[in-house]
Amino acid sequence: TFHIKNTFTLKKGEYPILAENLKEMAFKGDSNIKLNYILDGIITLLGVDSDFIYKHSYINLLKSISSIESYIISQIEKNKSQNTKKALIYANTLCLLNKSEVNLINRLYLLFDLQQKTGLDFKDEIEKSLKEILDVNSDNAVANYNLALMYLDSDRDLAKHHFRKCLNNELTRQMAQDMIEKI
C-alpha cells in the first residue's frame, strides 16, 4: 500500500516495467498495470543508471510517495541474502532519494557482500562509496579505516591521514594505531 502525498498524473510516455512483472501479468491474464510494477521499474532503472534522461522526473515522482523509502528498505531486506545484486540496485536508488550516512553505509555493506559472493572486483565503486560517506560525515571511522586500507599500497601518507581519523573511535582505535606504527 502506498500513500501518495499529492495527486499526480503520469505523463504520457513509456515507463519501465520489470520483465518478471510482465510475465506475471501475462500468466494471470491481467491487462491493468499495477502501480508497484511501474515503481519497481523506476527504482531499478535509477539504481542501475543514475544518469538516465528522466532521472529528476522519476526522483520527484518517488519522493511524492510518502512510504517509498520504507518500501525500498523492505525490498532490500527481502533480497539481500538471496539476490544481493537486486538489493544493491534498490540501495542505490534509496541513496539517490536520501543520501544519509546510514543509507550509504548499508549500500557499502551490500557492495562488500556482493564482491565476496561473486569474486568480482568492486574496488572503484567501494572507494567512491567510502568517499560519499566521508562527504556526509568526515569522521566516520568505518569509512576512514577502509579507505586507509585501500590506500595502504598506493599512498601511505593518505593512508596514515585516514588511520589518524580512526584514533578517536573505540572500535577502530587499536587497529588504526597498529597500522600507523607499521607504516
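Residues numbered from 1 in each chain as written. Predicted model: local features only at pLDDT ≥ 70, side-chain atom pairs only at ≥ 80, totals over all residues. Heavy atoms only, no water.

**With respect to the environment of K165**
Then, in step 1: Turning to its location among the elements, K165 is positioned in the loop between α9 (156-164) and α10 (173-182).
Then, in step 2: As for K165 and I180, which are separated by 15 residues in sequence, their C-alpha atoms are 11 Å apart.
Then, in step 3: Filtering out sequence-adjacent residues up to four positions away, K165 remains in contact with S138, D139 and N144.
Then, in step 4: Within the local environment of K165, its side chain forms a polar contact with the backbone oxygen of S138, the two atoms lying 3.4 Å apart. (Helix = DSSP H or I, 4+ residues; strand = E, 2+ residues; numbered from the N terminus. Contact = heavy atoms within 4.5 Å. Polar contact = N/O pair within 3.5 Å; in protein donor to acceptor, adjacent residues only side chain to side chain.)

**Some thoughts on the confidence of the model for the protein**
Then, in step 1: The predicted model of the protein has a mean per-residue pLDDT of 90, with 95% of residues at 70 or higher.
Then, in step 2: Taken element by element, the predicted model of the protein shows its lowest mean pLDDT in helix α3 (residues 55-63) (89) and its highest in helix α5 (residues 84-97) (96). (pLDDT = per-residue confidence, 0-100.)

**Remarks on the side chain of E132**
Then, in step 1: Checked against the element boundaries, E132 lands in helix α7 (residues 123-136).
Then, in step 2: According to the relative accessible area criterion, E132 is buried, its value standing at 16%.
Then, in step 3: With residues up to four places along the chain from it excluded, the contact list for E132 reads K99, L104 and R107. (Buried < 20%, exposed > 50% of the residue type's maximum accessible area, 1.4 Å probe, protein only.)

**Comments concerning the packing of helix α2 (residues 35-48) against α5**
Then, in step 1: The interhelical angle for the contact between α2 and α5, taken along N-to-C directions, is 85 degrees, at an axis separation of 7 Å. Relative to α5, α2 is oriented roughly perpendicular. Along the contact surface, α2 presents D40, I43, T44, L46, G47 and V48, while α5 presents I89, Y90, N92, T93 and L96.
Then, in step 2: Residue classes in the contact of α2 with α5 are distributed as 6 nonpolar, 4 polar and 1 charged. (Axes fitted to C-alpha atoms, helices over the stretch in contact; angles between N-to-C directions. Parallel < 35°, antiparallel > 145°, perpendicular 65-115°, else oblique. Nonpolar A, V, L, I, M, F, W, Y, C, P; charged D, E, K, R; others polar.)

**What to know about the nonpolar core**
Across soluble globular proteins, nonpolar side chains have a tendency to be buried as a group.
Then, in step 1: Within the largest apolar cluster, 44 residues are counted, with the highest numbers of intra-cluster contacts made by L62, I68, I72, I76 and F163.
Then, in step 2: Ranked by the residues each element gives to this core, the list is headed by α5, at 7 residues.
Then, in step 3: What L62 contacts, discounting residues up to four positions off in sequence, is L39, I42, I43, L46, I68, T93 and L97. (Core = buried A, V, L, I, M, F, W, Y, C linked by side-chain atoms within 4.5 Å.)

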